Each structure stands twice: as structure tokens, then as C-alpha cells.
Amino acid sequence: CQRKQSNYKFPDVPLSYKLIIGDSIVMKEIPSDSIGCVVTSPPYSYTKNYSDSEKCIGKCSTYEEYLIKLETCFKEVYRVLMPGRVFALNISSTILNGVTSWIPNDCYIICVKNIGFLMLEYVIWQKPPNLSQMHRGGQIIQNNYPGYYYPNRVYEVIMFFKKPGKFLRAKGEI
């Protein structure tokens with residue numbers, strides 16, 4: 001199969017970028033309805049220590065506290081996202097003390113039921129074999145503990161949400 005090269009010439013659109021290092025829970029530097037697309041993969045709850053800062057989304061003592069921080073962040077995403085635009089969320093379940101928290105389901109409820117996003121689609125992303133098997137066994141052990149199962153989460157969920165409203169192109173947008 002041969003690739004064809006397009007003769008399409010992109011118009012000379014001046015682009016400007018601004019890097020903001022800060023907190024996604026309060027994005028006061030970003031005006032409402034000003035961002036064309038948001039893609040995020042938030043920290044996986046209280047099971048991993050990402051930072052010593054109390055502001056860190058993953059710095060929580062309970063799963064419920066983690067969900068509250070996620071909802072606060074997703075409300076800010078909703079505020080800054082332009083109407084008709086897409087928010088992509090890459091997230092997976094987490095296991096703590098042998099109990100699974102199904103984070104994608106809770107994020108769906110937060111985004112659709114609590115905030116008002118529309119669910120467009122979801123993708124189950126199966127991680128490449130070497131990546132997903134690096135730290136987990138995912139097997140039934142028959143020796144000392146018959147029937148013992150240690151799960152191997154080889155997937156993540158990518159959910160696509162849309163902010164209601166008419167999709168309008170921004171000035172100079174291709």
C-alpha cells in the first residue's frame with residue numbers, strides 16, 4: 001500500500017501557546033468556554049503517592065475523597081471547554097487491599113449525571129503485552145492457596161464526553 005501525499009496547504013494561522021503550571025482543580029487563569037479539547041489521565045486515587053502536596057488529586061485518604069477531587073476537576077474542565085467540544089478521559093480501575101474500585105463507572109456518573117457532559121463513546125485500550133505484564137501476574141495459583149486469583153489489569157478505558165452546545169470554530173481555527 002502506498003501513501004499519497006496531500007497537496008493541501010494549511011493557511012498561515014498564527015498560533016500562540018501558553019504553558020501554565022498549576023492546579024487543575026482551580027484553573028482561574030483560563031477563561032470560561034475557551035479551550036477546544038481536553039485530554040487527561042488523572043492520578044489513580046489514593047493507592048499511589050504522586051506528590052506530598054495536599055492539593056494533588058491522588059493525595060486522598062479515602063476513595064470517596066478522591067471522587068470529590070475528580071468531580072471538582074471535571075467541573076473546571078466543563079467550565080473552560082468550549083460548547084460542542086470534546087473531553088477525553090483515560091482512566092482505569094484500581095485495587096486496594098484486594099478490593100476493586102471501578103473508577104470509569106464513577107467517572108461516568110460524575111461527568112454525565114452530576115456535571116452535564118454528554119457521553120459520546122468509550123474505547124477499551126488493551127496495553128501492549130510487555131507493558132501490562134511488567135508488574136502483575138494475572139494468574140490463578142494452584143499451590144499453597146487453591147483458587148487464589150491475582151488480577152492483571154491489562155486495559156484502561158478512554159471515555160469521550162462532549163460539552164452540550166453548538167460546535168463553533170474559533171477564529172483562525174483549521
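See the structure shown above.
Procedures and definitions
Residues numbered from 1 in each chain as written. Predicted model: local features only at pLDDT ≥ 70, side-chain atom pairs only at ≥ 80, totals over all residues. Heavy atoms only, no water. Helix = DSSP H or I, 4+ residues; strand = E, 2+ residues; numbered from the N terminus. Core = buried A, V, L, I, M, F, W, Y, C linked by side-chain atoms within 4.5 Å. Buried < 20%, exposed > 50% of the residue type's maximum accessible area, 1.4 Å probe, protein only. Salt bridge = Lys/Arg side-chain N within 4 Å of Asp/Glu carboxyl O. Axes fitted to C-alpha atoms, helices over the stretch in contact; angles between N-to-C directions. Parallel < 35°, antiparallel > 145°, perpendicular 65-115°, else oblique. Left-handed = near helix turned anticlockwise from the far one by under 90°. Contact = heavy atoms within 4.5 Å. Nonpolar A, V, L, I, M, F, W, Y, C, P; charged D, E, K, R; others polar. Expected span 1.5 Å × (residues − 1).

A closer look at unusual backbone geometry
In this structure, aspartate 33 takes a positive phi of about 55° despite not being glycine. Topologically, aspartate 33 is positioned in the segment before strand S1 (35-40).

What about the nonpolar core?
Across soluble globular proteins, nonpolar side chains show a tendency to be buried alongside one another. Within the largest apolar cluster, 28 residues are counted, with the highest numbers of intra-cluster contacts made by Tyr66, Leu70, Phe74 and Phe87. Mapped onto this core, the elements with two or more residues apiece are helix H1 (63-80), strand S2 (81-91), helix H2 (103-115) and strand S8 (155-162). With 8 residues, H1 is the single largest residue contributor to this core.

Re the pattern of salt bridges
Between side chains of opposite charge, pairing is possible as soon as their charged atoms come close. Taken as a whole, this structure holds 3 salt bridges when the rule is applied. For the salt bridge of lysine 163 with aspartate 33, the shortest nitrogen-to-oxygen distance reads 2.5 Å. Of this pair, lysine 163 sits in the segment after S8 while aspartate 33 sits in the segment before S1; the two residues are 130 residues apart in sequence, bridging distant segments of the chain. The residue glutamate 76 makes a salt bridge to arginine 79 at a minimum N-O spacing of 2.9 Å. With glutamate 76 and arginine 79 both in helix H1 and 3 residues apart, the pair spans about one turn of that helix. Taking relative accessible area as the criterion, glutamate 76 reaches 13% and is therefore assigned buried.

Details of the packing of H1 against H2
Where H1 contacts H2, the two axes come as close as 10 Å, and the packing angle between them is 45°. With respect to each other, H1 and H2 are oriented oblique. Like other packed secondary-structure pairs, H1 and H2 cross with a definite hand, here right-handed. Within the contact between the two elements, H1 uses Tyr63, Tyr66, Leu67, Leu70, Glu71, Phe74, Lys75 and Tyr78 and H2 uses Ile103, Asp106, Cys107, Ile110, Cys111, Asn114 and Ile115. A breakdown of the residues in the contact of H1 with H2 according to their chemical character gives 11 nonpolar, 1 polar and 3 charged.

So, the environment of valine 38
Within the element layout of this structure, valine 38 appears in strand S1. For valine 38, a relative accessible area of 14% gives the class buried. Put simply, valine 38 and phenylalanine 160 are 122 residues apart on the chain and 9.9 Å apart in space, counted from C-alpha to C-alpha. Excluding residues within four positions of it along the chain, valine 38 makes contact with Val77, Leu81, Val86, Phe87 and Ala88.

A word on H1
Between its first and last C-alpha, H1 extends 26 Å over 18 residues, near the 26 Å set by a 1.5 Å rise per residue. Looking only at H1, the buried set comprises Tyr63, Tyr66, Leu67, Lys69, Leu70, Glu71, Cys73, Phe74, Glu76, Val77 and Val80. Packing partners of the buried residues in H1 comprise S1, S2, strand S4 (99-101) and H2.

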